[in-house]
Amino acid sequence: MHPLLGPDGLPITWRVFAVVAFPLWVIYLATAAWTLPYNVDPLTNAITAWSIGTRGSPLLPEYEAFTRPEYVGRSIWVVDGLDGPVSKFPPGAPLLAAPLYATFAGDVETVDLTAGPGDTPLPAVTVPVPSLAPSAIVGSATTAVAMGFLALAFARLHGTVTGPVLAALVAGLGTGAWSVAANALWQHGPAMMWLALAIWAAASERWWLSGLSFGMAALTRPLAAVVAAAVGLIVAVSTRRLRPAVAVGCGAGVGIGLLVLYNRTVFGSPTLTGGYDLAFEQWFVDEGIGRVENVVLALVSPDRGILVWSSFLALILVGITPAWRRSPVWVRAAASGGLALLGITYWLGYYRGGGGYLFYRYPLEALVALAPLFFVAAVETVRRGSLARAAVLLASALSIVAHGAASLIT
Amino acid sequence: MNTRRPLPGSMSPSRDPAQHSFVLPGVAALLGLVSASLIRVGHDEAYWTAIAGMVRYGADLYDTAIDNRSPLVYVVFGALDVMPGPFTWWRGATVGVVLATIGLQARRVLPDDVPDWIICAALVTAGLSSTLYLTIELLALAGLMLALASAACVAAVAAAGLRISAGSDGGE
């Protein structure tokens, strides 16, 4: 009897999940950033999580100096809220780490926080910085859990469990999941976890769970709501059932409602964007590139290209057409949402996505939504013979090496 | 006409895992050892080794010996540093062992129609190409990563007691 299969021949859910998530979590923890120096975005999330966990409030009065225009985004992303300085990011990621900070607050050090690269050098500001270990634990754990759920979703598409397990391990090690999401408390790890849970729930027709998870993903990274809309509507239309649309819509509405309520309370206006600066157009003007060029660079540029640094994705595109034809509707719906999310992300955001990390990070959530279709495409590709298998193997190995090295030196 | 049929229960030669056991990981390990031994110590490696040395002589990690990696990184590089002989030789040996481990696991996991030389080429290319990825100094780092990746596969297989081979799965 195969140890991952039950007496009925079906995968044992918790075993398939654990055999992927646990080893990945151990690896992620070993390579994560445990202390300063830390990237600006996850440092902002970590400090907010500490504040919520220990004081019950996202307000960061000690960081008022960083709301001055010349400091914004140079050390942490703190902006003026209704009642004081607050992270510009949505609360989803800090909320996941807050319980850990409430339980294991650890030492709070007084640090001279220097401003990162910019037009003018700025003096350091002395502020309290909590232990970053809880953030490393949550960032790595959520990414590992995301890959566990992806393995479960893959297992629903394949007659074996070996293929899904290996595919989930490659997804977890050969992409920015390792080099970025698992490295610190970015928004990516938590958002990927909620999206992967939502997609697996959709695969098993647990529509309410799927909707609630999509909502939590939106509370973490608001654009994730696009995937919820795609899954709910496409599945409902294709199957001519109202339930997927209603359950996914209402479930996701809970998280989206919480986000709007948070933004109303903290920033004074009931929006989805909260503290984000909406001057997207200015980025493209400043960098002197067009939006189409932005998308091309996101795919193939030497420093940030998705298809360069996870080259196995380029290879499995060979099987994408037959994969689309033979995939069930939930796979096509999630992939449509992922593609829309990818397009919107690069329509709005400059492809480099800031500095302080290697390779790519913006498309991570979209890649989770596209992952089931990519898995079917990978199966179709390797069926083309041993040369195709060898190429996918080689590209996967190269991607794993690259992202592993990047995870250690950033 | 002399037709020979295999005895009932016998395995075809291409499915005998013992045939693959030593040549593939041996070649990969040797190439990894030689190449990693020839490359000088990189900036990050030197820093991690220095931090490990400070801790060995009484400094507190993250307090008076300050860097942001996990303790495992300093344990690994501290261990390589205290071994007799050149650091690069032990680094090369580590990369060799890593490649051998991955080679063995890859042979078990992959179907028989993926030939040994392709797996070997993938391993060696992955090891060497890491120098192209992230400056020539980071091969050993890539080796460490390969070790961790391999550990994931090994742990995944061991935890479930999997004996992965073609046909032993649920079957599609």
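Calculation notes
- Residues numbered from 1 in each chain as written.
- Chains lettered and ligands numbered in written order.
- Predicted model: local features only at pLDDT ≥ 70, side-chain atom pairs only at ≥ 80, totals over all residues.
- Heavy atoms only, no water.
- Helix = DSSP H or I, 4+ residues; strand = E, 2+ residues; numbered from the N terminus.
- Buried < 20%, exposed > 50% of the residue type's maximum accessible area, 1.4 Å probe, protein only.
- Contact = heavy atoms within 4.5 Å.
- Areas by Shrake-Rupley, 256 points an atom, 1.4 Å probe, with all protein chains shown as cover.
- Axes fitted to C-alpha atoms, helices over the stretch in contact; angles between N-to-C directions.
- Left-handed = near helix turned anticlockwise from the far one by under 90°.
- Nonpolar A, V, L, I, M, F, W, Y, C, P; charged D, E, K, R; others polar.
- Phe/Tyr/Trp six-rings, centres within 6.5 Å; stacked < 30°, edge-to-face > 60°.
- Lys NZ or Arg CZ within 6 Å of the ring centre and 35° of its normal.
- Parallel < 35°, antiparallel > 145°, perpendicular 65-115°, else oblique.

Draft legend 1. Just the overall build of chain B, in detail. Along chain B, the regular secondary structure elements total seven helices and zero strands. N-terminal to C-terminal, the α/β element order of chain B is α-α-α-α-α-α-α. The 172 residues of chain B split such that 45% are buried. Across chain B, the fraction of contacts at a sequence separation of at least 24, relative to all contacts at a separation of at least 6, is 64%. Working note: accessible area of chain B is about 9,000 Å², and carbon and sulfur atoms make up 68% of it.

Draft legend 2. Local environment of the packing of helix α9 (residues 225–239) of chain A against helix α16 (residues 329–348) of chain A. All names here are of chain A. Orientation of α9 relative to α16, taken along the N-to-C sense of each, is 145°, at an axis distance of 8 Å. The two elements α9 and α16 meet at a crossing, and its hand is right-handed. Along the contact surface, α9 presents V226, V227, A230, V231, I234, V235, S238 and T239, while α16 presents V329, W330, A333, A334, S336, G337, G338, A340, L341 and I344. Grouping the constituent residues of the contact of α9 with α16 by class yields 13 nonpolar, five polar and no charged.

Draft legend 3. The arrangement of the environment of V376(A) in detail. All names here are of chain A. Within the secondary structure, V376 sits in helix α17 (residues 364–382). Residue V376 is classed as buried on the basis of its relative accessible area of 5%. Residues V376 and S327, spaced 49 residues apart in sequence, show a C-alpha to C-alpha distance of 7.2 Å. Residues contacting V376, with those up to four places away along its chain left out, are L157, A323, R326 and S327.

Draft legend 4. Representation of the packing of aromatic side chains within the structure. Applying the stated criterion across every chain yields a total of 14 aromatic pairs over all chains. Ring geometry for F89(A) against Y276(A): centres 6.1 Å apart, planes inclined by 65°, an arrangement best described as edge-to-face. Taken together, the positions of F89(A) in the loop between β2 (85–87) and α3 (92–103) and Y276(A) in the loop between α10 (243–267) and α11 (280–287) put the pair 187 residues apart, joining distant regions of the chain. Ring centres of F77(B) and F87(B) lie 6.3 Å apart, and the angle between their planes is 20°; this geometry places the pair in the stacked category. Of this pair, F77(B) sits in helix α4 (residues 71–82) while F87(B) is found in helix α5 (residues 87–109), placing the two residues 10 residues apart along the sequence. Grouping residues by exposure puts F77(B) and F87(B) together as buried. Site record: aromatic cluster; members linked through ring pairs are F17(A), F149(A) and W200(A). K88(A) extends its terminal NZ or CZ atom over the ring of W77(A), reaching a point 3.6 Å from the ring centre.

Draft legend 5. A look at the packing of helix α4 (residues 133–155) of chain A against helix α7 (residues 188–203) of chain A. Residues and elements named next belong to chain A. Contact pair α4 / α7: the axes reach a minimum separation of 8 Å and the direction vectors enclose 20°. Judged by the inter-axis angle, α4 sits roughly parallel to α7. Considering the relative orientation of α4 and α7, their crossing is left-handed. When α4 is examined against α7, the residues T142, T143, V145, A146, M147, F149, L150, L152 and A153 are found in contact with a partner set consisting of G189, P190, M192, M193, A196, L197 and W200.

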